[in-house]
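Take a look at the letters that make up each chain.
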Amino acid sequence: APGVAASPPANSCADSRSLRASCLQSLAESLRAAAAVVAQVTAGRSLSATLERVSEEFGGGVRPALTDLCYGTLRCYGRVQATVRVLSRRGAPDSLVEALLWCALYALESGRYADYTVVDQAVRACAALGHARSTGYVNALLRARLRSRRSIEARLASDPVARYQHPAWWIARLRASHPQQWDCILAAGNSRPPMCLRVNARRSSAARYVERLATQAIGARILEGGAVLLQRPVPVERLPGFAEGEVSVQDAGAQQAVPLLDLRAGQRVLDACAAPGGKSAHILETAHVALTALDLDASRCAAVVRNLQRLRLTAEVSAADCTIPGSWWDGRAYERILADVPCSASGVARRHPDIKWLRREADIAANGVRQARILDALWRLLTPGGKLLYVTCSVFPEENGFIVDAFLARTPAARLLALPGAAAAQLLPDAEHDGFYFALLEKTA
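In this report, the structure presented in the accompanying data block is examined. Worth saying up front: this structure is predicted, and the values here are computed from it rather than measured. (Residues numbered from 1 in each chain as written. Predicted model: local features only at pLDDT ≥ 70, side-chain atom pairs only at ≥ 80, totals over all residues. Heavy atoms only, no water.)

What follows is about the overall build of the protein chain. Looking only at helices and strands, the protein chain features 17 helices and 12 strands. At 24 Å, the protein chain has a C-alpha radius of gyration in line with the 22 Å of a compact globule built from 445 residues. Along the longest, intermediate and shortest principal axes, the C-alpha atoms of the protein chain span 70 × 50 × 40 Å. Going through the 445 residues of the protein chain one by one, you find that 53% of them count as buried. The long-range fraction of contacts in the protein chain, counting pairs at least 24 apart against all pairs at least 6 apart in sequence, stands at 73%. Carbon together with sulfur atoms contributes 51% to the accessible area of the protein chain, which is approximately 19,400 Å² in total. Each charge sign in the protein chain was given a centre, from 53 positive and 41 negative side chains, and these centres are 4 Å apart. (Helix = DSSP H or I, 4+ residues; strand = E, 2+ residues; numbered from the N terminus. Rg over C-alpha atoms; globule rule 2.2 N^0.38 Å. Buried < 20%, exposed > 50% of the residue type's maximum accessible area, 1.4 Å probe, protein only. Contact = heavy atoms within 4.5 Å. Areas by Shrake-Rupley, 256 points an atom, 1.4 Å probe, with all protein chains shown as cover. Lys, Arg positive; Asp, Glu negative; His and termini not counted. Charge placed at Lys NZ, Arg CZ, Asp CG, Glu CD.)

Structure below.
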């Protein structure tokens, strides 16, 4: 999960001069690599794919700090972008130099490194990027930031994008749709995500697994619903039994989906938008059912297969478009369908901070058209009396309640069911879970 890897603390290089020199060289390299990643992301490329490729080019030694710099910079992109705009006296710099400045500003604000270290290493990184003529500019701008903290903070406070670190259209939509919680949603989107685990119910229980974590000095507690929340993220390699399929990493909010399906042994179940396979696995851990898992992308289907193999679970996995049943469906109806539809992913922005800056407001309406098409197509595959769970990881009602209301209006045989227990249809992101929306629909005829 994004945010699991972390840069070393600022004092981790204090043991010896050689270690200090090694750490500083690593920071310069990490800043150089981070600038390359961030520049490509702001040009429209995916963070995860770009980070993977660039980290391979620069070598594995920079990966922890590189991950922290990239995710941290993009979480506060509105702020660092505005800071460069305020301080630059020569207009917009070269895109790569500007990206380096954003990363260096995040490094300054992170508190992980001494101020002078960040300035020095950013200048070195600038030269290494082939922009030796810009080293003086980088040095001057970063030093100006250190000298003018209070005045710059005052100017940033008046800029909503810099203050809330989200695009203006995103802020406006949240203020309109969630007038009481919009600022909390934005704050959650800028935070580091929690790390939650789903214990394989076929192999163990949450209580037993928490005890096992304690023996490894990993603090954790059980949330309502059974998700295990770690006190702090750890690499999956440290999780006991992970390789053997005893546990998976899955957000606590995402874990609320499958119990809503009311699964029974022997049912035919469809996970229509399955990749990377977390909910498919949860379905199979919950009940002995015949599961079909679909995804448009063959490479993402391969990820579903790997996930199920690690957990020793079996499903029929196909690369197919769920809206074209003729290309994959055998004609037999399903008792349960999970439609975890494509959306803005606005509820999980802290895990994928590039989302905030790559999404466009027009995408919301386009997503709505696609979501409606998926609902209509899947409804024909559901047996009378069957249930379909509509899920998004969005906090925008145009992708959630509006879509479901329109579907109910045009589908007489559809009935919206109350969610069991105290489950909320709209789950907003907080310290324990991400943001999700759930709507359980029953086919009455």
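With that out of the way, let us pick up the environment of Cys393. In this structure, Cys393 sits in the loop between β9 (382-392) and α17 (401-410). Along the sequence, Cys393 and Ser204 sit 189 residues apart, while their C-alpha atoms lie 28 Å from each other. When near neighbours in sequence (up to four residues on either side) are disregarded, Cys393 contacts Cys343, Ala345, Ser346, Gly347, Val348, Gly435 and Phe436.

Our next topic: helix α14 (residues 298-311). Its 14 residues give α14 an end-to-end C-alpha distance of 20 Å, which sits within 8% of 20 Å, the value for a rise of 1.5 Å per residue. Three or more residues of α14 are buried, namely Cys301, Val304, Asn307, Leu308, Arg310 and Leu311. If you follow the buried residues of α14, they end up packed against β1 (196-199), β4 (247-249), α13 (278-286), β6 (290-295) and β7 (316-319). Taken from the residues just after α14, Arg312 is the one with a positive phi, measuring 60°. (Expected span 1.5 Å × (residues − 1).)

A separate point is unusual backbone geometry. With an omega dihedral of 5°, the bond running from Ala275 to Pro276 counts as a cis peptide bond. Here Pro276 lies in the loop between β5 (268-271) and α13. Positive phi values are uncommon outside glycine, yet Ala217 reaches one of about 60°. Tracing the chain through its elements places Ala217 in the loop between α12 (206-215) and β2 (220-222).

Turning our attention to the packing of helix α4 (residues 77-87) against helix α5 (residues 95-110). Running from N to C, α4 and α5 cross one another at 115°; their axes reach a closest spacing of 9 Å. Looking at the two axes, α4 sits roughly perpendicular to α5. Note on packing geometry: the crossing formed by α4 with α5 is right-handed. Where α4 approaches α5, its residues Tyr77, Arg79, Val80, Gln81, Thr83 and Val84 are matched on the opposing element by Glu98, Leu101, Trp102, Leu105, Tyr106 and Glu109. Of the residues that constitute the contact of α4 with α5, the class distribution is seven nonpolar, two polar and three charged. (Axes fitted to C-alpha atoms, helices over the stretch in contact; angles between N-to-C directions. Parallel < 35°, antiparallel > 145°, perpendicular 65-115°, else oblique. Left-handed = near helix turned anticlockwise from the far one by under 90°. Nonpolar A, V, L, I, M, F, W, Y, C, P; charged D, E, K, R; others polar.)

A word on the pairing of β1. Taking every second residue as pointing to the same face, both faces of β1 are buried, with Cys196 and Arg198 on one and Leu197 and Val199 on the other. Sheet analysis places β1 next to strand β3 (residues 228-230), joined by two bridges and oriented antiparallel. By the bridge assignment, Leu197 is partnered in β3 with Val228. (Pairing = 2+ DSSP bridges.)

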